[in-house]
Structures are given as structure tokens and as C-alpha cells.
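The lines below spell out each chain.
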Amino acid sequence: MRQKRAKSYKRQMNVYLHTFKFREPFQTIVDSELVLNCEKASYDIVKGLNRTIQGETKPMITQCCMQALYDSKNQSAIDIAKQFERRRCNHREAIDPSLCVQSIVNIEGVNKHRYVVAAQNYELRVKLRKVPGVPLIFMNRAVMVMEPISEATSKYSEAFERKKLTAGLNDAKYTGIVPKESEVESKEAVQQPAPKKRKGPKGPNPLSIKKKKT
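Residues numbered from 1 in each chain as written. Predicted model: local features only at pLDDT ≥ 70, side-chain atom pairs only at ≥ 80, totals over all residues. Heavy atoms only, no water.

Under an unreviewed UniProt entry, the name given to the protein chain is U three protein 23, and the organism recorded is Scheffersomyces stipitis. Its UniProt record gives the protein chain a comment under Subcellular location (unreviewed entry), which states: "Nucleus, Nucleolus". (UniProt positions renumbered as here; feature names shortened; annotations may be inferred.)

Trainee: Help me understand the sheet that holds strand β6 (residues 143-146) in this model?
Mentor: Two strands in a sheet stick together by hydrogen bonds in their backbones, pointing the same way (parallel) or opposite ways (antiparallel). The mixed open sheet is built from six strands, whose spatial order is β3-β2-β1-β4-β5-β6. Each having just a single partner strand, β3 (85-87) and β6 make up the two edges of the open sheet. The mean inter-strand angle of the sheet, taken between neighbouring strand axes irrespective of direction, is 35 degrees. Taken together, the four bridges between strand β1 (residues 26-30) and strand β2 (residues 57-62) define a ladder with parallel strand orientation. Bridge pairing links I29 to M60 in β2. (Pairing = 2+ DSSP bridges. Helix = DSSP H or I, 4+ residues; strand = E, 2+ residues; numbered from the N terminus. Axes fitted to C-alpha atoms, helices over the stretch in contact; angles between N-to-C directions.)

Trainee: Where do I start with the side chain of S150 in this structure?
Mentor: Structurally, S150 is set in the loop between β6 and α8 (151-170). You can call S150 buried: its relative accessible area is 12%. Reaching out from S150, the side chain makes a polar contact with the backbone oxygen of R129 at a distance of 3.1 Å. (Buried < 20%, exposed > 50% of the residue type's maximum accessible area, 1.4 Å probe, protein only. Polar contact = N/O pair within 3.5 Å; in protein donor to acceptor, adjacent residues only side chain to side chain.)

Trainee: How should I be thinking about the pattern of salt bridges in this particular structure?
Mentor: Oppositely charged side chains can pair when the atoms bearing their charge come close. Applying the stated criterion across every chain yields a total of five salt bridges. The shortest N-O distance in the salt bridge between E147 and R125 comes to 2.7 Å. Of this pair, E147 sits in the loop between β6 and α8 while R125 sits in helix α7 (residues 122-128), and the two are 22 residues apart along the sequence. The class of E147 is buried, set by a relative accessible area of 8%. (Salt bridge = Lys/Arg side-chain N within 4 Å of Asp/Glu carboxyl O.)

Trainee: Help me out: how do you make sense of the nonpolar core in this one?
Mentor: The tendency in soluble globular proteins is for nonpolar side chains to be buried as a group. The biggest cluster of nonpolar side chains holds 46 residues, and the ones touching the most others in it are L34, V35, I61, L69, V105, V117 and I137. Other than its neighbours up to four places away in sequence, I61 contacts V30, V35, M66, L69, A81, F84, E85, R86 and R87. (Core = buried A, V, L, I, M, F, W, Y, C linked by side-chain atoms within 4.5 Å. Contact = heavy atoms within 4.5 Å.)

Shown next, in the form of C-alpha cells:
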């Protein structure tokens, strides 16, 4: 079952790599709920992310999520989150962590910065499913899993592939249409340079030559 799941995740990440141009290390936004969940289960978040995505990840956390951890007074979870790169969210006062994560990922309906989102908050994941190209990860008991590709991502990927196919068919090298002989000849005529005039001494003017007497 584990191998089957790994193959499924590999196929999913290939879609994000080829269609949405994701690159390693994958920038991964981690919410405060997932940190608390992993701390409770003594689960290594970084190793779990790398194993699930099957690539190198860069875990990141927002200031609002950090504030939620400070409010929880769970020092072990705070120490884990402090190891992650801090992602500026530009919220002067801390807001709800789920709203914070949504604001930096969903920019006018696009995952502009190509973030992977590791979030335990279910409502947040439901909202981000509507944004094409957002890999979603969460903890299912003591196992880190990746959600199947969302409908929005699937539709975008299909449209992307159709566009590539159409562009390829319109290209002359893919159409298989052979140009007519007349078109080839006309092109050759245009490309052929005009013959150069020969240089050298000219013969005498025939009008200036005296006629022979008979």
C-alpha cells in the first residue's frame, strides 16, 4: 500500500513540475495546527515532507502561525517551528492562521509563488482546492498524506496539454504538409542571386570598323 501511495504522489508532483513549473527545494507553508499535531505524535515534519513529496522541501511558517503557537504555550511545538524559514505575511496584527496562509497562497486565484501547503485545517484546504496548482498535505492520524489533485488543478492541466497540442499541430514541422513545387521554385528564384557581369576588355564597336572593299 505504501508503494502504491508513493507512485501516486510521484505522478501528482510530475503534474505540478511540468504544468505549474514547481522546482526543488519545494517551498512548503506549514500551518500551526499541523505543527501541534506532529509534535503530539512525535513526528519529524521535515523528513515526512521530503518523503511525501519525494524531493527536497523548504518548510516555511508565517508570523501569524507563529503567534498561534506562542498562544498555545507548547514550547516543544514552538521550538520545532523556529527551525523553519519565516515567511512574511505583512499582517501588522496577527490574524487567524488559516486566513493568513490563504492570503499568501491565493493571489487573485493563482498560486503565484508555487507553494506546497501542509495544513491540518480542513476549511483552509477546502478553500485552496479551488486554486489551480496547490499541492495539499495533512496528517491522517500518524501518517502524512497528500490530497489527490483537485478538480481546479485537473482542469487547468488538461487545458494546458490541449494548448500545447494545438500549438504543435499548427507548427509546419508537425503538420506534415509538403509545399507545392511552384512554391518551392518561386522561393528558389527569390533566393538565387543575379548572375555577375564578366569583367575584362571590351571588343571594338562594330559601327566604327571599316567595311572591306569587294
